[in-house]
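# Coordinates in review
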Amino acid sequence: MATITRDDTERLVRRYFGIVADLGSSVADLDSVVALDAVFQELPNPITPGGATRDVEATRAGFAAGKKRLTAQRIDIEEILVMDDRAVVRSRWEGEIGTTRIVAHMAGFVRVRDGLIVEHITYDCYEPFSL
């Protein structure tokens, strides 16, 4: 097994966030960076008030549904800190549903195994909005 470097982890995490942000990316693109046993946890926020823990199937479904609902989206990575198989990502997400612009400041904790994302825990702090 090849040793994964901090640079490898950072490149993978940036690629993952790029795929998530790109409304033109596919589920196959997502699958190329995510392990089959990955777990995604979203802490409570205005979009998901009860929070959620999702497996890969639920994440694929949400990924595809978001592409249908959003008219624009971007993620700006402001900072990544990497230690071994983990990365902490501070980012700013901006999306549009119709003409409503939504902004979230996010902290994400990502774990990597064998060159794939195996865990993503996200804390999303939304600026006020109404749909």
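Now for a quick tour of the structure. None of the values given here were measured: they were computed from a predicted structure.

### Remarks on the overall build of the chain
Counting its regular elements, the chain contains three helices and six strands. Taken from N to C terminus, the helices and strands of the chain fall in the order α-α-β-β-α-β-β-β-β. In terms of C-alpha radius of gyration, the chain reaches 14 Å, essentially the compact-globule figure of 14 Å for 131 residues. Seen along its three principal axes, the alpha-carbon backbone of the chain occupies a region of about 50 × 25 × 25 Å. For the chain, buried positions account for 38% of its 131 residues.

### A look at the packing of aromatic side chains
Evaluated as defined, the whole model comprises four aromatic pairs. A centroid spacing of 5.8 Å and a plane angle of 80° characterise the contact between Phe109 and Tyr123, whose relative ring orientation is edge-to-face. Of the two residues, Phe109 is situated in strand E5 (residues 100-113) and Tyr123 in strand E6 (residues 116-126); the sequence distance between them amounts to 14 residues. Taking the relative accessible area as the measure of exposure, Tyr123 reaches 43% and is therefore partly exposed. Where Tyr126 meets Phe129, the ring centres are 6.0 Å apart and the plane angle is 55°; that geometry is what we call tilted. Given the relative accessible area of 25%, Phe129 is considered partly exposed. Three or more aromatic residues joined by ring pairs make a cluster, and in this case those are Trp93, Tyr126 and Phe129.

### Re the environment of Asp8
Tracing the backbone shows Asp8 in helix H1 (residues 6-21). Residue Asp8 is classed as partly exposed on the basis of its relative accessible area of 26%. The spacing of Asp8 and Gly115 is 107 residues in sequence and 7.8 Å in space, taken between C-alpha atoms. One polar contact links Asp8 to Arg11, side chain to side chain, over a distance of 2.7 Å.

### Things to note about helix H3 (residues 56-69)
The terminal C-alpha atoms of H3, which comprises 14 residues, lie 20 Å apart, in line with the 20 Å expected from a rise of 1.5 Å per residue. Three or more residues of H3 are buried, namely Val56, Thr59, Arg60, Phe63 and Lys67. The arc that holds every buried residue of H3, seen down its axis, measures 105°, which confines them to one face. Of the exposed residues in H3, the ones pointing more than 90 degrees away from its buried face are Glu57, Lys68 and Arg69. Buried residues along H3 sit in contact with H1, helix H2 (27-31), strand E1 (34-42) and strand E2 (52-54). For H3, the capping residue at the N-terminal end is Asp55, with a side-chain oxygen 3.2 Å from the backbone nitrogen of Glu57.

### A look at the pattern of salt bridges
Taken as a whole and judged by the stated rule, the model has 14 salt bridges. Across the salt bridge formed by Arg113 and Asp37, the nearest N and O atoms sit 2.8 Å from each other. Taken together, the residues span a long stretch of sequence, with Arg113 in strand E5 and Asp37 in strand E1 at a distance of 76 residues. Classification of Arg113 by relative accessible area gives partly exposed; the value is 37%. The class for Asp37 is partly exposed, based on a relative accessible area of 47%. Notably, a salt bridge pairs Glu94 with Arg101, separated by 3.0 Å at the nearest N-O pair. Judged by relative accessible area, which is 44%, Arg101 ranks as partly exposed. Salt bridges sharing partners connect three or more residues here, namely Asp85, Arg86, Arg111 and Glu119.

Reading guide: rules and limits
Chains are numbered independently. Their residues run from 1 in the order of the written sequence. Where totals are concerned, whole chains, interfaces and linings use all residues; where local detail is concerned, this predicted model gives features only for residues with pLDDT of at least 70, and gives and counts side-chain atom pairs only at 80 or more. Side-chain metrics in this entry use all non-hydrogen atoms of the structure; hydrogen atoms and water are not considered. Put simply, DSSP H or I for four residues or longer makes a helix, DSSP E for two residues or longer makes a strand, and each gets a number counted from the N terminus. In this description the radius of gyration comes from C-alpha coordinates, and the expected globular size is given by 2.2 Å times residues to the power 0.38. In this scheme, a residue with accessible area under 20% of its type's maximum is buried, one over 50% is exposed, and one in between is partly exposed, where area comes from a 1.4 Å probe on protein chains only. Any Phe, Tyr or Trp ring, taking Trp's six-membered ring, that has another such ring centre within 6.5 Å forms a pair; planes under 30 degrees apart are called stacked, those over 60 apart edge-to-face, and the others tilted. Any pair of N or O atoms that falls within 3.5 Å is considered a polar contact. Within protein, one atom must be able to donate a hydrogen and the other to accept it, and sequence-neighbouring residues count only if both atoms are side-chain atoms. The span one expects for a helix is its residue count, reduced by one, times 1.5 Å. Regarding the arc, it is the one traced by the directions from the helix axis to the C-beta atoms. Contact definition: two residues touch when any of their heavy atoms are within 4.5 Å. Salt bridge, as used here, is a side-chain nitrogen of Lys or Arg placed within 4 Å of a carboxyl oxygen of Asp or Glu.

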